[in-house]
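So you can see what is in the structure, the chains are spelled out below.
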Amino acid sequence: NAGVTQTPKFQVLKTGQSMTLQCAQDMNHNSMYWYRQDPGMGLRLIYYSASEGTTDKGEVPNGYNVSRLNKREFSLRLESAAPSQTSVYFCASRGISGPSYEQYFGPGTRLTVT
Amino acid sequence: AQTVTQSQPEMSVQEAETVTLSCTYDTSESNYYLFWYKQPPSRQMILVIRQEAYKQQNATENRFSVNFQKAAKSFSLKISDSQLGDTAMYFCAFMKLLGGYQKVTFGTGTKLQVIP
């Protein structure tokens, strides 16, 4: 199993450009999440999807949209990138059963907006 | 809202020594989970250890153990026999269940440097 995969690993955008970050998991998990990580601020939740067909805003959703394409895939879109969106983005997933309840994370995407 | 505080932005420890990373949290919940995640320079988030709030016994995983003080809302991580590979950012995380969705709150992290 690959676990949680993210593409791309690195991206540089100009202000106003758009792009989509892709995330896929092969663990048959129901819940999926997008976080951003900024220095000194830990991880902050952007959007989440508790199950296929549902999405909800997290702590910092402004400037982003998401799509839960199917159970495996959860994409994050920046419609008009801004320098404030320069960050490292992590996708995570979790199933509904099991004793541990931890989230499994992808390797991250480092995004720079100039 | 839950908050998680890691008051030590950076720490260092000599190889083979023991180090403790502190974490406090604020919640009115009685049932929740606590985690420590490790993030090495590769950026991959790796689960180190977990603790269920209803369990009084402190969790241990090999060289990693926690001191969970529920009344004090404290959840510290002890790393014994520190190794160079332990050099990383460490994040404390709090999780409560909301129906089928888990809300996770992360601390701001402690950067640990293991010195040879």
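Refer to the structure printed above.
Residues numbered from 1 in each chain as written. Chains lettered and ligands numbered in written order. Predicted model: local features only at pLDDT ≥ 70, side-chain atom pairs only at ≥ 80, totals over all residues. Heavy atoms only, no water.

Helices and strands together make up the secondary structure of chain A, namely zero helices and 11 strands. Shown N-terminal to C-terminal, the secondary structure of chain A runs as helices and strands in the order β-β-β-β-β-β-β-β-β-β-β. What you see for chain A is a C-alpha radius of gyration of 13 Å, in line with the 13 Å of a compact globule of 114 residues. In chain A, which comprises 114 residues, the share counted as buried stands at 49%. Put simply, 55% of the contacts in chain A that link residues at least 6 apart link residues at least 24 apart. (Helix = DSSP H or I, 4+ residues; strand = E, 2+ residues; numbered from the N terminus. Rg over C-alpha atoms; globule rule 2.2 N^0.38 Å. Buried < 20%, exposed > 50% of the residue type's maximum accessible area, 1.4 Å probe, protein only. Contact = heavy atoms within 4.5 Å.)

Attention now goes to the overall build of chain B. Looking only at helices and strands, one finds zero helices and 12 strands in chain B. Start at the N end of chain B and walk to the C end: the helices and strands fall as β-β-β-β-β-β-β-β-β-β-β-β. Each principal axis of the C-alpha distribution contributes one length, and for chain B these read about 45 × 30 × 20 Å. Here chain B holds 116 residues, and the buried ones make up 48% of them. The contacts of chain B with a sequence gap of at least 6 include a subset with a gap of at least 24, amounting to 54%.

All names here are of chain A. With respect to topology, four strands assemble into an open sheet ordered β1-β3-β8-β7, the strand pairing being antiparallel. Unpaired on one side and paired on the other, β1 (4–7) and β7 (64–68) mark the two borders of the sheet. This sheet shows a mean twist of 20 degrees between the axes of neighbouring strands, independent of strand direction. Relative to strand β3 (residues 19–25), β1 runs antiparallel, the two being bridged by four bridges. (Pairing = 2+ DSSP bridges. Axes fitted to C-alpha atoms, helices over the stretch in contact; angles between N-to-C directions.)

All names here are of chain A. All chains considered together, the criterion is met by two disulfides over all chains. Through a disulfide, cysteine 23 is tied to cysteine 91; the S-S separation comes to 1.9 Å. Where cysteine 23 bonds to cysteine 91 through sulfur, the torsion about that S-S bond is close to -70 degrees, and the disulfide is left-handed. You can see cysteine 23 sitting in strand β3 and its partner cysteine 91 sitting in strand β9 (residues 87–94), a full 68 residues away along the chain. (Disulfide = S-S within 2.5 Å.)

Residue and element names in this part refer to chain B. Across two bridges, the pairing between strand β7 (residues 60–61) and strand β8 (residues 64–69) is antiparallel. Looking across to β8, one finds that threonine 60 is bridged to serine 65. Once β7 ends, the chain turns through two residues before running back antiparallel as β8, passing asparagine 62 with a positive phi of about 55 degrees. Here six bridges tie β8 to strand β9 (residues 74–79), and the two strands are oriented antiparallel to one another. Paired with valine 66 across the strands is leucine 77, a residue of β9. Where β8 folds back onto β9 in an antiparallel hairpin, the turn is made up of four residues, including lysine 73, whose phi is positive at roughly 55 degrees.

What follows deals with the side chain of arginine 68 of chain A. All names here are of chain A. Locating arginine 68 in the fold gives a position in strand β7. One buried charged residue, arginine 68, forms no salt bridge at all, with the nearest opposite charge on glutamate 52 at 6.3 Å. In terms of polar contacts, arginine 68 uses its side chain to reach the backbone carbonyl oxygen of asparagine 70, at 3.0 Å. (Lys, Arg positive; Asp, Glu negative; His and termini not counted. Salt bridge = Lys/Arg side-chain N within 4 Å of Asp/Glu carboxyl O. Polar contact = N/O pair within 3.5 Å; in protein donor to acceptor, adjacent residues only side chain to side chain.)

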